[in-house]
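Overview (structure and organization)
Here is how the chains run, residue by residue.
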Amino acid sequence: MWRIFTLCVLAFATMAGCDKSPEEEVIARFELGEKAIGAQDVAGYRAMLSAESIKMYNETIRLALESDGEEAKKLSPSTLQIILALRNRVPAEDLRHVAMEDLVQWQMDQEMLVVAADYGVLVHSAKISGDKAVI
């Protein structure tokens, strides 16, 4: 959950709105994602993702299909968690046909991708440093 949250925040930091400050744009994008997750709207969630976030999802699918023990040792714990969950909960034949949108829906269904406010995590502010943002 936190990996996706962090990646979304990082990706949105580089997107600035026309009349909003970069910090306000990060918060607005995060809130769009929260609404999409709450509504189980995969298309809406995908629409607000950056190209880097989509690339990360596709890489996660590749790793779940192809990674070996040596490659797994190099992964962050949050990435490894998702890969192990996919391998243990999705039949291998089905995993071969998973698209990025399928992974997002699966994470919503598995409660790995959730509305932060439902857990008491509310947006107070955003701080941007270079191409990274922290909410």
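Above this text you will find the structure in question.
Note that the coordinates shown come from a computational prediction; the quantities given were computed from them, not determined experimentally. (Residues numbered from 1 in each chain as written. Predicted model: local features only at pLDDT ≥ 70, side-chain atom pairs only at ≥ 80, totals over all residues. Heavy atoms only, no water.)

Another point: the overall build of the chain. Secondary structure summary: the chain contains eight helices and two strands in total. In the chain, the succession of helices and strands from N to C terminus is α-α-α-α-α-α-α-α-β-β. The burial tally for the chain puts 40% of its 135 residues in the buried class. Long-range contacts, defined here as pairs at least 24 residues apart, represent 63% of the contacts in the chain between residues at least 6 apart. Looking at the chain as shown, the accessible area adds up to about 7,800 Å², and 53% of this sits on carbon and sulfur atoms. (Helix = DSSP H or I, 4+ residues; strand = E, 2+ residues; numbered from the N terminus. Buried < 20%, exposed > 50% of the residue type's maximum accessible area, 1.4 Å probe, protein only. Contact = heavy atoms within 4.5 Å. Areas by Shrake-Rupley, 256 points an atom, 1.4 Å probe, with all protein chains shown as cover.)

Looking now at the side chain of Glu34. By secondary structure assignment, the location of Glu34 is in helix 2 (residues 22-38). Notably, Glu34 is buried but unbridged: the nearest opposite-charge side chain belongs to Lys35, and the N-O separation is 11 Å. If we skip the residues at most four places from it in the chain, Glu34 touches Val114, Val115, Ala116 and Ala117. (Lys, Arg positive; Asp, Glu negative; His and termini not counted. Salt bridge = Lys/Arg side-chain N within 4 Å of Asp/Glu carboxyl O.)

All right, on to the nonpolar core then. Formed by 27 residues in total, the largest nonpolar core has its most connected members in Tyr45, Tyr57, Leu86 and Val104. Those elements giving two or more residues to this core turn out to be helix 2, helix 3 (42-47), helix 4 (51-66), helix 6 (77-89) and helix 8 (100-109). Per-element tally for this core: the top contributor is helix 4, with six residues. Apart from the residues within four sequence positions on either side, Leu86 is in contact with Thr60, Ala64, Leu95, Leu103 and Trp106. (Core = buried A, V, L, I, M, F, W, Y, C linked by side-chain atoms within 4.5 Å.)

Further remarks concern the packing of helix 4 against helix 6. Where helix 4 contacts helix 6, the two axes come as close as 9 Å, and the packing angle between them is 55°. Classed by the angle they form, the pair helix 4 and helix 6 counts as oblique. Where helix 4 crosses over helix 6, the handedness of that crossing is right-handed. For the pair helix 4 and helix 6, contact is made by Thr60, Leu63, Ala64 and Glu66 and by Thr79, Ile82, Ile83, Leu86 and Arg87, respectively. Classifying every residue of the contact of helix 4 with helix 6 gives five nonpolar, two polar and two charged. (Axes fitted to C-alpha atoms, helices over the stretch in contact; angles between N-to-C directions. Parallel < 35°, antiparallel > 145°, perpendicular 65-115°, else oblique. Left-handed = near helix turned anticlockwise from the far one by under 90°. Nonpolar A, V, L, I, M, F, W, Y, C, P; charged D, E, K, R; others polar.)

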